Amino acid sequence: MMRAQQFPDGELARDLVDAYPDALLVQDRDRRLIAHNQAAERLLDGHVALRVGEDVACQLLGCRRVGGPLEGVCLHEHALEHEGARPALRIELPLGAAADGLRARVFAIGGPTRATVTELRPDRTEAGEAGWVGSGFPEPRLWVCVLGRTRVASDEGPLEGRWLEHRAGQLLKLLVAERHRTVFADELLARLWSPRASPDRRGLRYFIHVLREQLEPDGARVPPSSFVVAARGGYRLDGNRVWVDADAFEQLVNAGLAAHARGDEEAARDLVGRGLDLYRGEFLADEPYAEWALAERDRLHMIASDGLRAMVDLHHAADDFAGATGCLSRLADLEPFDVDIHRDLLTVLLRRGRRSEALRRYERLRRRMLDAFEEELDFSLAELV
């Protein structure tokens, strides 16, 4: 089971929790709710009040409820006393809920203060009496961060090493770039190897096996992989078990842009802001010359640019010039030759009295345009003032 303290990168852990697809409820030692994620709000909306300081998870699970599967048992207390996740429990929800039922598991985190996390996901199996359904969720999970340099983590913790730079890592990155389809074996061979150095399909299967061994918590198993699936003469990632930050980024920003279009500024700021927090750099920044990554890199770049433009509008509407400056600075870095963006940034800087920074940025932009296009800027700082 993944624990946040296993990750050496604290920001990575926070990103994973924020965009985690399943609902998470965190309770302190005294059963009081201290945190939850967005997935919990969506899943339990209208059926369970997520009030901080109240005993939410235990009431939802039915701990110690007479006549229930947990009569005389509290999973919260049991998790505090034992390592690992408690067995999964099926919970029936009222009609009209986001799912007919939920599967839940509970585990403890933290040091001496200790807290528990209740993880919830929809359970659409045949309805029946609520009760134990196994020793935990059977499917392992994989988290792949590809915005910026590639980082990979499984339920067991980070999967680090030089393998990400070698053929197995390149296979994973290419499958991520084409994560919404099956990539045929011949295509993998053509994209990752030169014609003279290309192995045959047997050699490709060997490198796929190496990749699976790196990703599986206990090495490749039968069936061969939980994450890299053989299908129709090629391979694909199992989208139900592999979380990719690029997908979470795209979904959040697009949802925020839709909210912006309908005039819901509060939701737009929240959604677009959370999405942009995941955009830590260009797609697969550690593969800058890989032609097979260019199309996806450009597509995600445009989504980030659209998101930042929307955030600039939102900050201006709220007279938040500091927020506008930050977003315009990021946008100017993404679009180094878009003069209109730089002019807007310079205008905001001058309005805030940051004239020295405005002058430095103006001179850098002027030299950049001269070097690249032999063009002078068509405005001066004095005009902007």
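Let us look at the structure shown here. The structure presented is a predicted model; accordingly, all values stated were derived computationally and were not measured.

1. Re the overall build of the chain
Move 1: A count of helical and extended segments in the chain gives 14 helices and 12 strands.
Move 2: Classification of the 385 residues of the chain by burial places 49% in the buried group.
Move 3: By sequence separation, contacts in the chain at least 24 residues apart represent 55% of the contacts at least 6 residues apart.
Move 4: Within the structure as shown, the chain displays about 19400 Å² of accessible surface, and the carbon and sulfur contribution to it stands at 48%.

2. Let's talk about the environment of Asp-344
Move 1: With respect to the secondary-structure elements, Asp-344 resides in helix α12 (residues 339-351).
Move 2: In the structure, Asp-344 is positioned 20 residues away from Ala-324 in sequence and 9.7 Å away in space, judged by C-alpha atoms.

3. A look at the pattern of salt bridges
Charged atoms that come close allow side chains of opposite charge to pair.
Move 1: A complete count under the given rule lists 25 salt bridges for this structure.
Move 2: The residue Asp-30 makes a salt bridge to Arg-32 at a minimum N-O spacing of 3.3 Å.
Move 3: The closest approach of N and O atoms between Arg-361 and Glu-357, which form a salt bridge, is 3.3 Å. Of this pair, Arg-361 and Glu-357 both sit in helix α13 (residues 355-373), separated by 4 residues, roughly a single helical turn. As far as burial versus exposure is concerned, Arg-361 and Glu-357 are alike and both buried.
Move 4: One connected set of salt bridges, linked through shared partners, spans Arg-179, Asp-247, Glu-250, Glu-296 and Arg-299.

4. Examining the sheet that holds strand β7 (residues 151-154)
Move 1: Spatially, the 4 strands line up as an open sheet ordered β8-β7-β6-β12, and their pairing is mixed. Edge positions in the open sheet fall to β8 (157-158) and β12 (242-244), since each of these has one partner strand only.
Move 2: For strand β6 (residues 142-145) and β12, the ladder comprises 3 bridges, and the chain directions are parallel. Note on β12: the bridge partner recorded for Trp-143 is Trp-243.

5. What to know about the pairing of strand β11 (residues 234-237)
Move 1: Pairing of strand β9 (residues 183-184) with β11 involves 2 bridges; the strand directions are antiparallel. Looking at the pairing, Phe-184 lines up with Gly-234 of β11.
Move 2: In this structure, strand β10 (residues 228-231) lies alongside β11, joined through 4 bridges in antiparallel fashion. Among the inter-strand pairings, Val-228 is bridged to a residue of β11, identified as Leu-237.
Move 3: Once β10 ends, the chain turns through 2 residues before running back antiparallel as β11, passing Arg-232 with a positive phi of about 50°.

6. Some remarks on the sheet that holds β10
Move 1: The 3 strands are arranged β9-β11-β10 in an open sheet whose pairing can be described as antiparallel. Both edges of this open sheet fall to β9 and β10, since each of them pairs with a single strand only.
Move 2: Running over the sheet, helix α7 (residues 201-215) touches β10 and β11 and is turned about 150° from β10.

7. Observations regarding the nonpolar core
For soluble globular proteins, nonpolar side chains are generally found buried alongside one another.
Move 1: Core analysis: the biggest nonpolar cluster contains 83 residues, and Leu-172, Leu-204, Leu-211, Leu-215 and Phe-249 have the highest contact counts within it.
Move 2: When residues no more than four places from it in sequence are discounted, the contact partners of Leu-172 are Val-152, Trp-163, Leu-164, Leu-211, Leu-215 and Leu-237.

8. Some remarks on the packing of helix α5 (residues 167-177) against helix α6 (residues 185-192)
Move 1: As a packed pair, α5 and α6 sit with axes 11 Å apart at the nearest point and diverge in direction by 120°. Crossing geometry of α5 relative to α6 is assigned as right-handed. Every residue of α6 that contacts α5 at Arg-167, Gln-170, Leu-171, Leu-174 and Leu-175 is listed here: Leu-188, Arg-191 and Leu-192.

9. Regarding helix α11 (residues 321-334)
Move 1: Compared with an ideal rise of 1.5 Å per residue, which puts 14 residues at 20 Å, α11 spans 20 Å between its outermost C-alpha atoms and is within 8% of the ideal.
Move 2: Residues Gly-323, Ala-324, Thr-325, Cys-327, Leu-328, Ser-329, Leu-331, Ala-332 and Leu-334 constitute the buried set of α11.
Move 3: Turning to α11, the residues buried within the fold contact α10 (294-317), α12 and α13.

10. With respect to the pairing of strand β2 (residues 33-36)
Move 1: Looking at chain direction, strand β1 (residues 23-28) and β2 are connected through 3 bridges and run antiparallel. Across the sheet, residue Leu-25 finds its bridge partner in β2, namely His-36.
Move 2: Remark: 4 residues form the turn of the hairpin made by β1 and β2, two consecutive strands paired antiparallel; Arg-31 in that turn has positive phi of roughly 70°.

11. Considerations on the side chain of Ser-329
Move 1: Within the secondary structure layout, Ser-329 lies in helix α11.
Move 2: When sequence neighbours within four positions are dropped, the list of residues in contact with Ser-329 reads Leu-345 and Arg-361.

12. Examining the environment of Cys-63
Move 1: Along the chain, Cys-63 turns up in the loop between α3 (57-61) and α4 (75-81).
Move 2: Owing to a relative accessible area of 15%, Cys-63 belongs among the buried residues under this scheme.
Move 3: It is 6.7 Å that separates the C-alpha atoms of Cys-63 and Leu-75, two residues lying 12 residues apart in sequence.

13. Remarks on the packing of α10 against α11
Move 1: Relative orientation of the contacting elements α10 and α11 amounts to 160°, with a least axis distance of 8 Å. In terms of their interaxial angle, α10 and α11 are classed as roughly antiparallel. Of the two elements, α10 crosses α11, and the hand of that crossing is left-handed. Contacts from His-301, Ala-304, Ser-305, Leu-308, Arg-309, Met-311, Val-312, His-315 and His-316 in α10 reach Phe-321, Gly-323, Ala-324, Cys-327, Leu-328, Arg-330, Leu-331 and Leu-334 in α11.
Move 2: For the contact of α10 with α11, the per-class residue count stands at 10 nonpolar, 5 polar and 2 charged.

Reading the values: rules and limits
Every chain begins its residue count from 1, and numbering advances along the sequence as written. Totals for whole chains, interfaces and linings use all residues, but because this is a predicted model, local features are given only for residues with pLDDT of at least 70 and pairs of side-chain atoms are given and counted only at 80 or more. Based on all heavy atoms of the structure, the side-chain values leave hydrogens and waters out of the count. Secondary structure elements follow DSSP: runs of H or I of four or more residues count as helices, runs of E of two or more count as strands, with numbering from the N terminus. Using a 1.4 Å probe on the protein chains alone, a residue whose accessible area is under 20% of its type maximum counts as buried, one over 50% counts as exposed, and one in between counts as partly exposed. Between two residues, a contact is recorded if the distance between any of their heavy atoms is within 4.5 Å. With residues, only the protein chains shown are counted as cover, and all accessible areas are computed by Shrake-Rupley using a 1.4 Å probe. The salt bridge criterion pairs a side-chain nitrogen of Lys or Arg with a carboxyl oxygen of Asp or Glu, the two atoms within 4 Å. Two strands make a pair as long as DSSP finds a minimum of two bridges between them. With axes taken as lines fitted to C-alpha atoms, and helix axes fitted only over the stretch in contact, angles between N-to-C directions fall between 0 and 180 degrees. Nonpolar cores are built from buried Ala, Val, Leu, Ile, Met, Phe, Trp, Tyr and Cys residues. Side-chain atoms within 4.5 Å join them into one set. Two helices that cross are described as forming a left-handed crossing if the nearer one is turned anticlockwise from the farther one by less than a right angle, and a right-handed crossing if clockwise. For a helix, the expected span equals 1.5 Å multiplied by the number of residues minus one. Roughly parallel covers angles under 35 degrees, roughly antiparallel covers those over 145, roughly perpendicular covers 65 to 115, and oblique covers all other angles. Lys, Arg, Asp and Glu make up the charged group, whereas Ala, Val, Leu, Ile, Met, Phe, Trp, Tyr, Cys and Pro make up the nonpolar group; the residues left over, Gly among them, are polar.

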